[in-house]
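Now for the letters of each chain:
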Amino acid sequence: MTTSAVPAPRGPVTRKDVARFAGVSTAVVSYVVNGGPKKVAPATEAKVQEAIRRLGYRPNAAARALKLGSSETLGLIIPDNTNPFFSLFAHAVEEAAGDLGYALVLSNSDGNLATERRNIRNLAARQVDGVLLASVLFEPDLEALEMADIPSVLLNQERDAPGFNSIGVDLAAGAKMAVEHLIGHGHTNIGLAMGTNVSGSTDGREVGWREALRDAGLPEGPIIYSEFTRPGGYLAGQRLLASVNRPTAIFASSDMQGIGLLRAFHEAGVAVPGQIAVASFDGSVESEYSWPPLTTVEQPVVSMAEAAVGALVGAGRGGEPRHRIFPTTLHVRQSCGCP
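Keep in mind the model is a prediction, meaning the values are calculated, not measured. (Residues numbered from 1 in each chain as written. Predicted model: local features only at pLDDT ≥ 70, side-chain atom pairs only at ≥ 80, totals over all residues. Heavy atoms only, no water.)

Taken as a whole, the largest pocket holds about 920 Å³ of empty space. Looking at the largest pocket, it is lined by 35 residues, and the ones nearest its centre are Pro79, Ser135, Thr196, Asn197 and Phe228. At the level of secondary structure, the elements contributing two or more residues to the lining of the largest pocket comprise helix 5 (84-99), strand 5 (165-169) and strand 9 (277-282). Classifying every residue of the lining of the largest pocket gives 13 nonpolar, 14 polar and eight charged. (1 Å grid on protein atoms, 1.4 Å probe; cavity = no way out; pocket = protein on both sides within 12 Å on 5 of 7 lines; lining within 4 Å. Points joined across faces, edges and corners; volume = space filled by probe spheres on them. Helix = DSSP H or I, 4+ residues; strand = E, 2+ residues; numbered from the N terminus. Nonpolar A, V, L, I, M, F, W, Y, C, P; charged D, E, K, R; others polar.)

A separate point is the sheet that holds strand 12 (residues 329-331). Taking strand neighbours across the sheet as the criterion, the six strands line up as 7-6-8-9-10-12 in an open arrangement whose pairing is mixed. Pairing within the sheet leaves two strands with one partner each, and these edge strands are strand 7 (223-226) and strand 12. Averaged over neighbouring strand pairs, the angle between their axes works out to 20° when direction is ignored. By the bridge criterion, four bridges tie strand 6 (residues 190-195) to strand 7 in an arrangement that is parallel. Its bridge partner being in strand 7, Leu192 is matched across the sheet by Ile223. Where helix 10 (residues 230-241) meets the sheet, its contacts fall on strand 6, strand 7 and strand 8 (249-252), and the angle it forms with strand 7 comes to roughly 155°. (Pairing = 2+ DSSP bridges. Axes fitted to C-alpha atoms, helices over the stretch in contact; angles between N-to-C directions. Contact = heavy atoms within 4.5 Å.)

Overall, the coordinates contain two aromatic pairs when judged by the stated rule. Aromatic side chains Phe85 and Phe86 sit 5.2 Å apart centroid to centroid with 70° between the ring planes, which places their arrangement in the edge-to-face category. With a relative accessible area of 2%, Phe85 lands in the buried category. Over the aromatic face of Phe281 sits the side chain of Arg205, whose NZ or CZ is 5.4 Å from the ring centroid. (Phe/Tyr/Trp six-rings, centres within 6.5 Å; stacked < 30°, edge-to-face > 60°. Buried < 20%, exposed > 50% of the residue type's maximum accessible area, 1.4 Å probe, protein only. Lys NZ or Arg CZ within 6 Å of the ring centre and 35° of its normal.)

That is the geometry; function is a separate question.
What follows is the structure, given as structure tokens:
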């Protein structure tokens, strides 16, 4: 019997309907849909795929999750997916999860602790297989995940958070590298545009800025605290230009702040890098296409994303909590004064 001789079902299409249409068993349909565990001959797989296409069959994800005891879904909570760095990170996480057969649910905390906690509860209620969290806190409240026995990995963690799997870079070392580069251009008055956080602890980028100046025997330039955003950098730029101790170079704790600085300086008629040099942190794509292009400290988002996903559902899952630090790279462009 050919597939064309089998009438199409009138109600919702089931796996049995696909099997009948293709002239195979439901087990074979299952192997094709799930990619195993048994291999299917290419000709038979083609028949099943044609039946799926003709009937418009859509696997029931809820039923599959119930059978497997897994939703094959990961949750990702980031502060702001409109920030190019976090957008890049989210894309890398989605690709790493997809390579292991997992879908991704993305949510934003907007840098707000209450929103972050609500997102955590929502993901726990949906029984995702794991959660990746770029928290506003160093040690976030993950009680909802722990009660549901859902593993988690903390992102953007510069130091070990006891009891948690965590991923991050050495913020202090990266910042120090950028500031030392500015010092190498002959700058002796280097300011800092530092993002604000709710953790109450000193950010490693501020630590690295101080260390570089101290090691060079230089005084600390002015510090402006503002949001990790373009408007935050714009405000910092205006305030730095108005400072009595106006610096000749600025280190910004994020590329978004760096781009805000560039606009503030442009509007004020201050040439970059001729009158004031700029370096920033993150390594987002946008930093390469600003004008002038930003010298920036790049975080290896692809390697970090793969390690984070692997700790949840890859070869590294189920082990003792581990903190992994990745190296940063300084991308030298024109904003610092290099040709």
